[in-house]
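Architecture and fold: a report
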Amino acid sequence: MAAKKSDCTPMFQESIDKVQKNMPEDAEIDSVVSFYKVLGDKTRLRILYALKEQEMCAGDIAVLLDMTKSAVSHQLAVMRNMRQIKSRREGKNVFYSLDDEHIVDILEVALIHMGHGEVHDS
């Protein structure tokens with residue numbers, strides 16, 4: 001049995017039990033953390049917002065964001081590995097797009113949330 005870390009005595013054990021029963025496994029939490037770490041980069045977010053509007057090749061993304069193609073390709077690989085984007089080949093060109101509608105939803109909800117204009121104290 002693992003050593004207890006909390007120095008608190010439960011006040012509402014039924015609440016703890018209910019939440020614990022529905023809490024995702026650590027591996028699932030780790031996957032979500034990794035997903036958001038990838039989103040937590042300004043360059044990658046800019047790429048995602050670009051791809052939200054239009055399927056693009058790495059060279060055009062590089063021009064749009066004033067970056068090298070190599071730097072963009074590196075970021076695309078990171079995002080593809082996290083299943084945030086997908087690619088398709090057409091002749092010598094590789095086109096990138098968002099992996100699915102969930103990515104669009106996440107981007108839109110984040111902007112809506114941040115657009116509230118109010119700062120809330122915790």
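First, a word on what this report is: a plain description of the structure on this page. Fair warning: this is a prediction, and the values are worked out from it, not measured in the lab. (Residues numbered from 1 in each chain as written. Predicted model: local features only at pLDDT ≥ 70, side-chain atom pairs only at ≥ 80, totals over all residues. Heavy atoms only, no water.)

A look at the sheet that holds strand 2 (residues 85-90)
Under the convention used in this document: For two strands to be treated as a pair, DSSP must find no fewer than two bridges joining them. Strands here are runs of E lasting at least two residues and helices are runs of H or I lasting at least four, both read from the DSSP assignment and numbered beginning at the N terminus.
Read across the sheet, 3 strands follow the order 1-3-2 without closing on themselves; strand pairing throughout is antiparallel. The open sheet has two edge strands, strand 1 (56-57) and strand 2, and neither has a second partner. Bridging between strand 2 and strand 3 (residues 93-98) involves 6 bridges; their strand directions are antiparallel. Note that in strand 3 the partner of Arg88 across the bridge is Phe95.

Some words on a negative patch on the surface
As a reminder of what qualifies: Patches here are clusters of residues that have more than 30% relative accessible area and form no salt bridge, with a 9 Å joining cutoff for like charges and a 5 Å cutoff for nonpolar side chains (Val, Leu, Ile, Met, Phe, Trp, Tyr). Using a 1.4 Å probe, accessible areas were evaluated by the Shrake-Rupley method; residue-level cover was limited to the displayed protein chains. Whenever Lys or Arg places a side-chain nitrogen within 4 Å of a carboxyl oxygen from Asp or Glu, that contact is recorded as a salt bridge. The convention is simple: Lys and Arg are positive, Asp and Glu are negative, and His and the chain ends are not counted. Charge coordinates come from a single atom per side chain, which is NZ of Lys, CZ of Arg, CG of Asp or CD of Glu.
A grouping of Glu25, Asp26, Glu28 and Asp30 is seen on the molecular surface, where their side chains present a negatively charged patch. On the secondary structure map, Asp30 appears in helix 2 (residues 26-39).

Some details on the nonpolar core
Stated formally: Here the nonpolar core consists of buried residues drawn from Ala, Val, Leu, Ile, Met, Phe, Trp, Tyr and Cys, with membership extended through side-chain atoms lying within 4.5 Å. The buried label goes to any residue with under 20% of its type's maximum accessible area, the exposed label to any with over 50%, and the partly exposed label to all in between, with areas taken from a 1.4 Å probe on protein chains only. Working rule for contacts: check all heavy atoms of both residues, and any pair within 4.5 Å makes them a contact.
If you look at the biggest cluster of nonpolar residues, it comprises 21 residues, and the most contacted ones within it are Leu48, Leu51, Ile61, Leu76 and Ile85. At the level of elements, helix 2, helix 3 (42-53), helix 4 (58-65), helix 5 (69-81), strand 3 and helix 6 (101-114) are the ones that each hand at least two residues to this core. Setting aside chain neighbours within four positions, we find Leu76 in contact with Ile47, Ala58, Ile61, Ile85 and Tyr96.

Describing helix 3
Condition: Given a helix with a known number of residues, its expected span is that number minus one, times 1.5 Å. Here the arc refers to the set of directions running from the helix axis out to each C-beta atom.
For helix 3, spanning 12 residues, the distance from its first C-alpha to its last is 17 Å, which sits close to the expected 16 Å at 1.5 Å a residue. Considered for burial, the residues of helix 3 that qualify are Arg44, Ile47, Leu48, Ala50 and Leu51. One face of helix 3 carries all of its buried residues, which in axial projection span an arc of 160°. Counted as exposed and oriented over 90 degrees from the buried face of helix 3: Lys42 and Glu53.

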